Amino acid sequence: MKKRAKAKTRAVKKIVKKTKKTVKAARKKARPVLKKARKARAVRKITAGVAQRVELGRDRAEESKYYPRPTPYLPPRQWEHEELPSKYGDTRIVVMTRDPHWIFAYWEVGDERRMQIEREASASWDNLRKVLRVYDVTGKDFNGLNANRFFDIDINSAAVNWYINVGEADRSWCVDLGVITSSGKFILIARSNIVSTPRDNASDVIDEEWMSIEEQFLKLYGLWGGFAGASPGKAQIKKIMKERLQQALASGGISSFVRPEKFRGFWMVVNTELIVYGATEPDATVTVQGRPIKLNRDGSFSLRFALPDGEQVIPVKGVSHDKAEERTITPIVKKYTK
């Protein structure tokens, strides 16, 4: 009996040992799979978080279009009284454009540069004639010698800025700050940046890419949405719009979007467009003038129409997803050009 019990015990121990080895081998084999699964789960979690933040940001951006946030209250700032220094010890001159005929220059001369000028001119700073030499550098890669023309302005020793009447619009200017010695030699102290004054009249540049009446019509008709589908009614509308557009272009009611004539100085164009926009349930069906339109994800929509003379009737119909409810809003717009 004892031998049989011992044999049975050894058999059990052998089975347990074998089971442990099998479990250990299975765990070892499953370890890479579990690691890969944990990694995939972490990636999915991160991706979901990013997508949620992106979606939240997009929703807030859309909401801000229709529901502007109130401006948060900010307490008045307590400014500390700080005196700006009268000078910075630099040697430089800066020029800015004021209008088509005036520029503004301000400058500073450091003590070291002032002493260099005195040594070079063999005269004291107070006895030297200070000038602003204004160069017309229009169309030039200015190197100090190739200006179209220049003129001098005498300044006093205490001046640190000057308004300069250049007398001609639509030109480029550079200003030298310098001194003129008793022998007439000009000694440069500092050279400014180059500025350009704007035009004082309308540009005479004409756009050579003229658009034909037919192209103009097709563009406006496409914006109106007339190319979607074909029917006898739309063909009639197309014919009417074409006639109206041609009449308007012939009479000047609608411009060709470019300057029409070069020999006249004054011109003006006036155009009108109509934007229809709204919002409903994102899963609703919306038609404008009988044509279905595509809604944005938040249920909003926006359409842009050319607006010719006359009365424009634009019925907008919305139907709920289950077809149980519907609503029609019809804007009517009248336009007359005098």
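Residues numbered from 1 in each chain as written. Predicted model: local features only at pLDDT ≥ 70, side-chain atom pairs only at ≥ 80, totals over all residues. Heavy atoms only, no water.

1. Thoughts on the confidence of the model for the protein chain
- Overall, the predicted model of the protein chain reaches an average pLDDT of 80, with 79% of residues at or above 70.
- Scored below 50 in pLDDT, residues 250–261 makes 27 contacts in the model with residues more than four places away or belonging to other chains. (pLDDT = per-residue confidence, 0-100. Contact = heavy atoms within 4.5 Å.)

2. Quick notes on a negative patch on the surface
- There is a patch of like negative charges on the surface, built from Glu281, Asp283, Asp322 and Glu325.
- Within the element layout of this structure, aspartate 283 appears in the loop between β9 (273–279) and β10 (285–288). (Patch = residues over 30% accessible without salt bridge, like charges linked within 9 Å, V, L, I, M, F, W, Y side chains within 5 Å. Areas by Shrake-Rupley, 256 points an atom, 1.4 Å probe, with all protein chains shown as cover. Salt bridge = Lys/Arg side-chain N within 4 Å of Asp/Glu carboxyl O. Lys, Arg positive; Asp, Glu negative; His and termini not counted. Charge placed at Lys NZ, Arg CZ, Asp CG, Glu CD. Helix = DSSP H or I, 4+ residues; strand = E, 2+ residues; numbered from the N terminus.)

3. Thoughts on the nonpolar core
- Grouped together as the largest cluster of nonpolar side chains are 25 residues, with contacts concentrated most on Leu132 and Ile164.
- Those elements that place two or more of their residues in this core are β1 (92–99), β2 (102–108), α2 (111–121), β3 (129–136), β4 (149–155), β6 (172–180) and β7 (186–191).
- Looking at this core element by element, the count peaks at four residues for β6.
- If near-sequence neighbours (up to four positions away) are discounted, leucine 132 is found in contact with Ile93, Trp107, Phe151, Asp152, Ile153, Ile155, Trp162, Ile164, Val175, Asp176 and Leu177.
- Membership of the second largest hydrophobic core comes to eleven residues, among which are Leu274, Val276, Leu295 and Leu307. (Core = buried A, V, L, I, M, F, W, Y, C linked by side-chain atoms within 4.5 Å. Buried < 20%, exposed > 50% of the residue type's maximum accessible area, 1.4 Å probe, protein only.)

4. Some details on the pattern of salt bridges
- Using the criterion set out here, one finds 13 salt bridges in the structure.
- A salt bridge links arginine 297 to glutamate 55; its shortest N-O distance comes to 3.7 Å. Linking arginine 297 in the loop between β11 (291–293) and β12 (300–306) with glutamate 55 in helix α1 (residues 2–66), this pair joins segments that are 242 residues apart in sequence.
- When its relative accessible area of 57% is taken as the criterion, arginine 297 is described as exposed.

5. Side note on the environment of aspartate 200
- Among the structural elements, aspartate 200 can be located in the loop between β8 (195–196) and α3 (213–224).
- In the structure, aspartate 200 is positioned 99 residues away from histidine 101 in sequence and 8.4 Å away in space, judged by C-alpha atoms.
- Apart from the residues lying within four places of it in its own chain, the contact partners of aspartate 200 are Pro100, His101 and Ala169.
- In this structure the side chain of aspartate 200 is engaged in a polar contact, spanning 3.2 Å, whose partner is the side chain of histidine 101. (Polar contact = N/O pair within 3.5 Å; in protein donor to acceptor, adjacent residues only side chain to side chain.)

6. A closer look at the sheet that holds strand β5 (residues 161–165)
- Taken in spatial order, the three strands of this open sheet run β1-β2-β5, and their pairing is antiparallel. Each edge of the sheet is formed by a strand with only one pairing partner; in this case those strands are β1 and β5. This sheet shows a mean twist of 20° between the axes of neighbouring strands, independent of strand direction.
- Strand direction decides the pairing type here: β2 and β5, joined by five bridges, are antiparallel. Along β5, the bridge assignment pairs tryptophan 102 with asparagine 165. (Pairing = 2+ DSSP bridges. Axes fitted to C-alpha atoms, helices over the stretch in contact; angles between N-to-C directions.)

7. Some words on the sheet that holds strand β15 (residues 326–329)
- Strand order in the open sheet formed by four strands is β11-β10-β14-β15, and the pairing between neighbours is antiparallel. The two strands at the open ends of the sheet, each matched to only one other strand, are β11 and β15. Taken over all neighbouring pairs, the strand axes of this sheet differ in orientation by 25° on average, direction set aside.
- Strand direction decides the pairing type here: strand β14 (residues 316–319) and β15, joined by four bridges, are antiparallel. Residue pairing for β15: glycine 318 is matched across the bridge by arginine 327.

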